[in-house]
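Summary of the model geometry
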Amino acid sequence: MKKYIPNTITSLNLFSGCIGVIMALRGEFNYAFYCVLASGIFDFFDGMSARALHVKSLIGKELDSLADVISFGFLPGTILYMLLKESTTNEYIPYLAYILTVFSALRLAKFNIDTRQTTDFIGVNTPMNTFVIISLPFIAQQFPAIINTYVLLLITIVSSLLLVSEIKLFSMKLSSLKWAVNKYKYLFLLTSGILLLFLKFLALPIILVLYIIFSYIHFSSEKSLDNQDKVEA
């Protein structure tokens, strides 16, 4: 039975993503956010359970990517589609939102075959990108100017390019709990927690920028330590 547990959790990710798409199409972004949150939790625990139960499988890997295409590809594309519909009277422009879905699928396919991404990421991961996108309707409540066709198209393009970029980003899978090894990861988590506490949804785009910055510092620090070890050797 235990071999079915990770795939069941992945299927819940997919199911939640499907419901989230319906909620987004209805303009019920609160419920869409809960679906994104649920999918993110399921996405985290399916891999963790597979490793803990030692039941990794090829079908599990493929199912995970298929689920993510919906939850973290089609769903954020639909959110942008609805926001673009609100921002323009042109009936065709909102469909450009699904460029993000296409690039999300490309990012997931790239991840599956890229041996460089076994422990860290190359390009922004789709869950992180989706949380930034789902924050937009809530940020717009404070800053209505964001519901602008050009702003939303720019966000679509930048988000899409970040997904398939060559930016190296750390993952939160810790091989050790040592401060020296993970200090920038811990600082990132602490800073993110404080920002979420005070800024709520507005914090999410800022957290993405900080993620890129802390990752750059983390890998630069690792490189410096490696060079120092080579010199001492």
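Basis of the calculations
- Along each chain, numbering runs from 1 in the same order as the chain's sequence is written.
- Local features in this predicted model are restricted to residues of pLDDT 70 or higher, and side-chain atom pairs are both shown and tallied only at a pLDDT of 80 or more, whereas totals for entire chains, interfaces and linings draw on every residue.
- Side-chain calculation: all heavy atoms of the structure are included, whereas hydrogens and water are not.
- In DSSP terms, a helix is any run of H or I states spanning at least four residues, a strand is any run of E spanning at least two, and both are numbered starting from the N terminus.
- Our radius of gyration looks at C-alpha atoms and nothing else; its globule reference is 2.2 Å times the residue count to the power 0.38.
- The criterion used for residue contact is that any of the two residues' heavy atoms lie within 4.5 Å.
- Accessible surface is estimated by sampling points in the Shrake-Rupley manner with a 1.4 Å probe; for residues, cover comes only from the protein chains shown.
- The charged-residue count follows a simple rule in which Lys and Arg add positive charge and Asp and Glu add negative charge, with His and chain termini not counted at all.
- Taken as the charge centre is NZ of Lys, CZ of Arg, CG of Asp or CD of Glu, depending on the residue.
- What pLDDT expresses is the predictor's confidence in each residue, scored from 0 to 100.
- Exposure above 30% relative accessible area and the lack of any salt bridge qualify a residue for a patch; like charges then connect within 9 Å, and the nonpolar side chains Val, Leu, Ile, Met, Phe, Trp and Tyr within 5 Å.
- We count a salt bridge whenever a side-chain nitrogen from Lys or Arg sits within 4 Å of a carboxyl oxygen from Asp or Glu.
- The span you would expect from a helix comes to 1.5 Å times its residue count less one.
- Note on bend: at a given residue it equals the angle between the axes fitted to the 7 residues ending there and to the 7 starting there.
- For every residue, the accessible area (1.4 Å probe, protein chains only) is compared with the maximum for its type, and the residue is labelled buried under 20%, exposed over 50%, or partly exposed between those bounds.
- We define a polar contact as two N or O atoms separated by no more than 3.5 Å, with the added condition that, inside protein, one atom must be a possible hydrogen donor and the other a possible acceptor, whereas residues neighbouring each other in sequence contribute only through side-chain atom pairs.

1. Concerning the overall build of the protein
Each helix and strand in the protein was counted, giving eight helices and two strands. Written out in order from the N terminus, the α and β elements of the protein read α-α-α-α-β-α-α-β-α-α. Its C-alpha atoms give the protein a radius of gyration of 19 Å, within 12% of the compact-globule value 17 Å for 233 residues. On the principal axes, the C-alpha backbone points of the protein span a range of 65 × 45 × 30 Å. A separation of at least 24 residues holds for 72% of the contacts in the protein among residues at least 6 apart in sequence. For the protein, the exposed surface amounts to about 13,000 Å²; the carbon and sulfur share of it is 70%. Averaging the coordinates of the 18 positive side-chain charges in the protein and doing the same for the 15 negative ones gives two points 5 Å apart.

2. Re the confidence of the model for the protein
A low pLDDT means the predicted coordinates there should not be read in detail. On average, the protein scores 92 in pLDDT, and the residues at 70 or more come to 95%. Mean pLDDT in the protein bottoms out at helix H8 (residues 203-232), which sits at 83, and peaks at helix H6 (residues 149-163), which reaches 98.

3. Comments concerning a nonpolar patch on the surface
Together, Trp179, Leu187, Leu190, Ile194, Leu197, Phe198, Leu199 and Ile206 give the surface a local cluster of nonpolar side chains, amounting to about 800 Å² of exposed area. Counting residues per element, the nonpolar patch draws most heavily on helix H7 (residues 179-199), which supplies seven residues. By the secondary structure assignment, Phe198 is in helix H7.

4. Digging into helix H5 (residues 126-142)
Along its 17 residues, H5 runs 26 Å from first to last C-alpha, staying within 8% of the 24 Å computed at 1.5 Å per residue. When the local axis directions of H5 are compared, the greatest deviation, roughly 35°, occurs at Leu136, which is followed within four positions by the proline Pro137. With respect to burial, H5 is a largely interior element, 15 of its 17 residues being buried. Two or three places before Met128, at the opening of H5, Asn125 has a side-chain oxygen 2.9 Å from that residue's backbone nitrogen.

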